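Coordinate analysis (summary)
Given next are the chains, with one letter for each unit.
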Amino acid sequence: MKKLAVSIIAAALLLSGCSKDKNTNGKAQSTPKTKFALGHLNSTAHLLGFVAKEEGFFDEENLDVTLTQFASAGELASGLESGKLDAAFIGSVPSITFQSNGHNLSIFGGAMTNGHGYVIKSKYTGGKDNLGVEILKGRNVASVKNSVQDAELLLLLRNAGIQVGEGEDKVNIIYFDSQKDAYNALQNNTIDATSVYSPYASLAKGQGYNVVYYCSNEPALKNQPCCRQVAPTTALAEKEAVYKAFERALIKAYKFSQDNHAKTVQDVKKYIDIDENYIQTEVYGGYSSSSPDPDKQGTESLKNTLVDLGYTGEYDINKLYNTKIYEAALQSLIQENPSDKIYNELNQHFAQYE
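Presented here is a report on the structure given in the accompanying data block. This one's a predicted model, so the numbers in the text were calculated from it and none came from an experiment.

When its secondary structure is counted, the protein chain shows 15 helices and 14 strands. Taken along the three principal axes of its C-alpha coordinates, the protein chain extends 95 × 40 × 40 Å. Looking at the 354 residues of the protein chain, the share that counts as buried comes to 51%. In the protein chain, the share of contacts with a sequence separation of at least 24, taken over all contacts with a separation of at least 6, comes to 78%. Accessible area for the protein chain stands at about 16400 Å²; split by element, carbon and sulfur atoms hold 47% of it. For the protein chain, the distance from the average site of its 34 positive side-chain charges to the average site of its 41 negative ones is 6 Å.

Pairing in this open sheet of five strands is mixed, and the strands run β10-β9-β11-β8-β12 from one edge to the other. Each end of this open sheet is capped by a strand with a single partner; those strands are β10 (172-176) and β12 (210-214). On average, adjacent strands in this sheet sit at an angle of 30° to one another, irrespective of strand direction. Where strand β8 (residues 116-120) and strand β11 (residues 193-197) come together, five bridges link them in antiparallel fashion. Its bridge partner lying in β11, His116 is registered against Tyr197. Sitting on the sheet, helix α6 (residues 148-160) is in contact with β8, β9 (140-144), β10, β11 and β12, with an inclination near 75° to β8.

The relation between two aromatic rings is expressed through the spacing of the ring centres and the mutual angle of the planes. All told, the structure shown has 12 aromatic pairs when counted by the stated rule. Plain terms: the ring middles of Phe57 and Phe256 are 6.1 Å apart, the flat faces sit at 65° to each other, and that makes the pair edge-to-face. Here Phe57, found in helix α3 (residues 57-60), pairs with Phe256, found in helix α10 (residues 240-259); they are 199 residues apart in sequence, far enough to count as distant. The exposure class assigned to Phe57 is buried, which follows from its relative accessible area of 11%. Aromatic pair Phe58 and Phe246: ring centres 5.7 Å apart, planes at 10°, arrangement stacked. Taken together, the residues Phe58 in helix α3 and Phe246 in helix α10 connect sequence positions 188 residues apart.

Each strand in a sheet pairs with another by means of backbone hydrogen bonds, the pair being arranged parallel or else antiparallel. The strand order across the open sheet formed by five strands is β4-β3-β5-β13-β6, and the pairing between neighbours is mixed. The open sheet has two free edges, formed respectively by β4 (63-69) and β6 (105-110), since each of these has just one partner strand. Across the sheet, the axes of successive neighbouring strands diverge by a mean angle of 30°, strand direction being ignored.

Take the side chain of Thr125 next. Here Thr125 lies in the loop between β8 and β9. Polar side-chain contacts of Thr125 include one of 3.1 Å to the backbone nitrogen of Gly127. When residues no more than four places from it in sequence are discounted, the contact partners of Thr125 are Ile120, Leu131, Ile135 and Asn210.

With that out of the way, let us pick up the environment of Ala235. Topologically, Ala235 is positioned in helix α9 (residues 233-238). Distance in space between the C-alpha atoms of Ala235 and His349 is 26 Å, their sequence separation being 114 residues. For Ala235, the residues in contact, after removing those within four places along its chain, are Glu240 and Tyr243.

A separate point is the packing of α6 against helix α13 (residues 296-309). Packing of α6 against α13 leaves a shortest axis separation of 11 Å and a crossing angle of 60°. The handedness of the crossing between α6 and α13 is left-handed. Taken together, the residues of α13 that come into contact with α6 (itself represented by Ala151, Leu154, Leu155 and Arg158) are Thr305, Leu306, Asp308 and Leu309. In terms of residue class, the contact of α6 with α13 is built from five nonpolar, one polar and two charged.

Following Ser198, the chain continues to Pro199 via a peptide bond in cis, the omega torsion being 10°. The residue Pro199 is located in the loop between β11 and α8 (200-206) in this model. In this structure, Asn146 takes a positive phi of about 60° despite not being glycine. If you trace the backbone, Asn146 turns up in the loop between β9 and α6.

Calculation criteria
- Residues numbered from 1 in each chain as written.
- Predicted model: local features only at pLDDT ≥ 70, side-chain atom pairs only at ≥ 80, totals over all residues.
- Heavy atoms only, no water.
- Helix = DSSP H or I, 4+ residues; strand = E, 2+ residues; numbered from the N terminus.
- Buried < 20%, exposed > 50% of the residue type's maximum accessible area, 1.4 Å probe, protein only.
- Contact = heavy atoms within 4.5 Å.
- Areas by Shrake-Rupley, 256 points an atom, 1.4 Å probe, with all protein chains shown as cover.
- Lys, Arg positive; Asp, Glu negative; His and termini not counted.
- Charge placed at Lys NZ, Arg CZ, Asp CG, Glu CD.
- Pairing = 2+ DSSP bridges.
- Axes fitted to C-alpha atoms, helices over the stretch in contact; angles between N-to-C directions.
- Phe/Tyr/Trp six-rings, centres within 6.5 Å; stacked < 30°, edge-to-face > 60°.
- Polar contact = N/O pair within 3.5 Å; in protein donor to acceptor, adjacent residues only side chain to side chain.
- Left-handed = near helix turned anticlockwise from the far one by under 90°.
- Nonpolar A, V, L, I, M, F, W, Y, C, P; charged D, E, K, R; others polar.

Next up, the structure:
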């Protein structure tokens, strides 16, 4: 009987030793988490990172993730290239223009589709929303150069036959360094309207401004890929397992956001401290969707539109678009949860738009 007890104890010790490393003193210790720096903007659009952090999905993937807010896409790109950031949520338009200009930064996942537009002072609208770009004629409009909002406005103006410039029949675009600066410029008498991304549209309506348009309501801008997951191209190749773990966490966060609206809003508020009703509207009001899918087809179509507009130069986007990490992460989660409805829906979407 004693021999049997000793055998059981020895087996238990052997099994416990398989799951943990031992330090020089012979004590069991857990594998250290991999440090990972993620950059984001002051936007509810980047909720996948917020939820993954707050709900412990990064921890589950053995990642020690630090989230840092930046003011602009340019700052985020600089953070990636300097090594201060491992990944960043960057708008699709600046991501494309950076790539076109020779920056070795690759898109490897998504963050948000749609979610932006323009707002205007109510004295020009009679208190009405969604009057279209024609209402901007003769107005001074604040925007951000090299942004999704700017490119979309130029496309809509071109489609409507409206020129950019000063004059009653033109739209005078005045550029600012960040969306925050552009929005704050509305307080000046010289600025009549401004671009917005989540959550600035809801903030603007709450302060009495009117919506010129939501991009989700414009046929030319339907399902427009906005923020993308971006990282240094070499890092994605050298640390593929780390980025796969990061992607798994974001996919888990997406699933959580679909099933737990109230808690998702609370998680977002920790990073974007505005009224929860505004967050609810921006996240679940139908103006945008937050998904980790890379949506390569949609982004490549946007790139071709930008080239046609003269917004950026031609280049081969395929060399700077990595869908393998997302695919591997998603497939691993499906293998662990083969009947999960949301994971399988993501898989179907990826297969259609990869």
